[in-house]
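The chain contents come next:
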Amino acid sequence: MNHFHDWGYLLAAFAGLTVATVVTRGSFFMLPARYALPAQVERALRYAPACALTAIVAQGVLTKNHEPNLTVHNYQLWALLAAAATFIKTRNMIATISVGMAVFTVLRVWA
Amino acid sequence: MMVGMSKLLPPIDHAAYREGIGVMMPLGPAIAVWGVVTGVAMVNAGLSIPAALLMTFTVFAGSAQLATMPLLATGAPLPIVWVTALLVNLRFVIFAAASRRSFMHLPWRQRLLASYLNGDLGFALFSRRFANAEEHGNPEQWGYFYGLAVFNWIVWQAGSVIGFMVGGLLPSDWGFELAAYLALLAVLIPMVQRMPAIAGVISTAAVAVAAVRLPMRLGLLLAVLVGVTVALLGEAWRDRHASHS
């Protein structure tokens, strides 16, 4: 079943995601001034978003049907590498997505 | 219950408001593209347009929306979806701690609205503009903040809505879900500039792939836990190393 047609699931999901936005952006705006962010906590917080995004991208691109998918026939992997190189060189999101999708499409159609 | 705008907005200096808009204007195309990519990815993953509209106008966090889309599409357990969004959003806690001094003395409703609009770009520009200000919390700063925030909100939401409409027209067998991961990559790379962070994300990727068979997508959380630990250990090791030399 497609969970995107289950409004109960979606409404609960969106409510929780909105809470996730409000409590993080609001955090220290809403807390009384006497509560500060401890340096050690701030260090951990700095790394969490990058790691969470990495975990999502890694499972999305490097796995398939709950199995690792690390072969040369994984065209998404080549597209990701090309996109990463493009972003590091240009810092341009449009170029990054265009190059990645172009590499993926060329491999998918001809390889 | 109606709350008048005067209760939601602090006093605003209009010249500073226009200055904020002017500073954000050159970034308009990039903000719009980010919105379009997010919008296309949401509809392409299978969200209906009403659901997508509801999501964008409540959640209002592009990276978290993109990151949770593959989880929602496979019906992942909601706690995993929420925790993933929280982890991606933790950077906002740092932003809030860093810019609170300009907002701290406002009534809570005004702080709540301002914080909700305090995204990546606005925070960066606001911090740069008032880094060396002698006074924090005045109509000039609030005006500049709202110039940035209003422009960003309108352009990003407009881009998202365009993305919802365009996304429905794209053929679904082109593998466009990859574009969402590529967009996340562009958000991710600037966060990973130093050795501890690089070690952290490499460990995260390895664990995320190796632990993908764990039930309920728990491999995601395990991967983040390992990655953050490795990054913190790397930082401690680097600091110790630096103090010896």
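Keep in mind the model is a prediction, meaning the values are calculated, not measured.

Caption draft 1: Seen up close, the packing of helix H5 (residues 62-73) of chain B against helix H6 (residues 78-99) of chain B. Residues and elements named next belong to chain B. It is at 9 Å that the axes of H5 and H6 come closest, and there the two elements cross at 155 degrees. The orientation of H5 relative to H6 falls into the category roughly antiparallel. Relative to H6, H5 is oriented so that their crossing is right-handed. For the pair formed by H5 and H6, the contact residues are Ser63, Ala64, Ala67, Thr68, Leu71 and Leu72 on the first element and Ile80, Val81, Thr84, Ala85, Val88 and Asn89 on the second. Its residues assigned to classes, the contact of H5 with H6 comprises eight nonpolar, four polar and no charged.

Caption draft 2: Region of the structure containing the interface of chain B and chain A. Facing the 79 residues of chain B at the interface are 61 residues of chain A. Among the secondary structure elements, those contributing two or more residues to the side of chain B that touches chain A are helix H3 (28-45), helix H4 (49-59), H5, H6, helix H7 (108-116), helix H10 (177-188), helix H11 (195-210) and helix H12 (218-244) of chain B. Residues that form the side of chain B that touches chain A fall into these classes: 60 nonpolar, 14 polar and five charged.

Caption draft 3: Fine view of helix H2 (residues 14-24) of chain B. Residues and elements named next belong to chain B. By the burial criterion, the buried members of H2 are Ala16, Tyr17, Gly20 and Met24. All buried residues of H2 lie within an arc of 105 degrees about the axis, which places them on one face of the element. In H2, the exposed residues that point more than 90 degrees away from the buried face are His14 and Gly22. Each element contacted by the buried residues of H2 is listed here: helix H9 (139-167).

Caption draft 4: Just the nonpolar core, in detail. One finds Ala183(B) and Leu184(B) to be the most contacted residues of the largest nonpolar core, which totals 107 residues. Taken together, domain 1 (10-189) and domain 2 (192-245) of chain B each give at least three residues to this core, which thus spans both. Filtering out sequence-adjacent residues up to four positions away, Ala183(B) remains in contact with Met93(A), Ile97(A), Val37(B) and Leu66(B).

Caption draft 5: Focus on unusual backbone geometry. Unusually for a residue other than glycine, His66(A) sits at a positive phi of about 60 degrees. Here Phe60(B), not a glycine, exhibits a phi torsion of approximately 45 degrees, which is positive. Mapped onto the fold, Phe60(B) is located in the loop between H4 and H5.

Caption draft 6: View of the domain arrangement of chain B. Residue and element names in this part refer to chain B. The assigned domain composition of chain B is domain 1 (10-189) and domain 2 (192-245). Each partner contributes to the interface: domain 1 provides nine residues, whereas domain 2 provides six residues. It is H6 that contributes the most residues to the side of domain 1 that touches domain 2, four residues altogether. Its residues placed into classes, the side of domain 1 that touches domain 2 shows eight nonpolar, one polar and no charged.

Thresholds applied
Residues numbered from 1 in each chain as written. Chains lettered and ligands numbered in written order. Predicted model: local features only at pLDDT ≥ 70, side-chain atom pairs only at ≥ 80, totals over all residues. Axes fitted to C-alpha atoms, helices over the stretch in contact; angles between N-to-C directions. Helix = DSSP H or I, 4+ residues; strand = E, 2+ residues; numbered from the N terminus. Parallel < 35°, antiparallel > 145°, perpendicular 65-115°, else oblique. Left-handed = near helix turned anticlockwise from the far one by under 90°. Contact = placed C-beta atoms within 7 Å. Nonpolar A, V, L, I, M, F, W, Y, C, P; charged D, E, K, R; others polar. Buried ≥ 20, exposed ≤ 12 C-beta atoms within 10 Å, placed from the backbone. Arc of directions from axis to C-beta. Core = buried A, V, L, I, M, F, W, Y, C linked by C-beta atoms within 7 Å. Domains from an automatic or database assignment.

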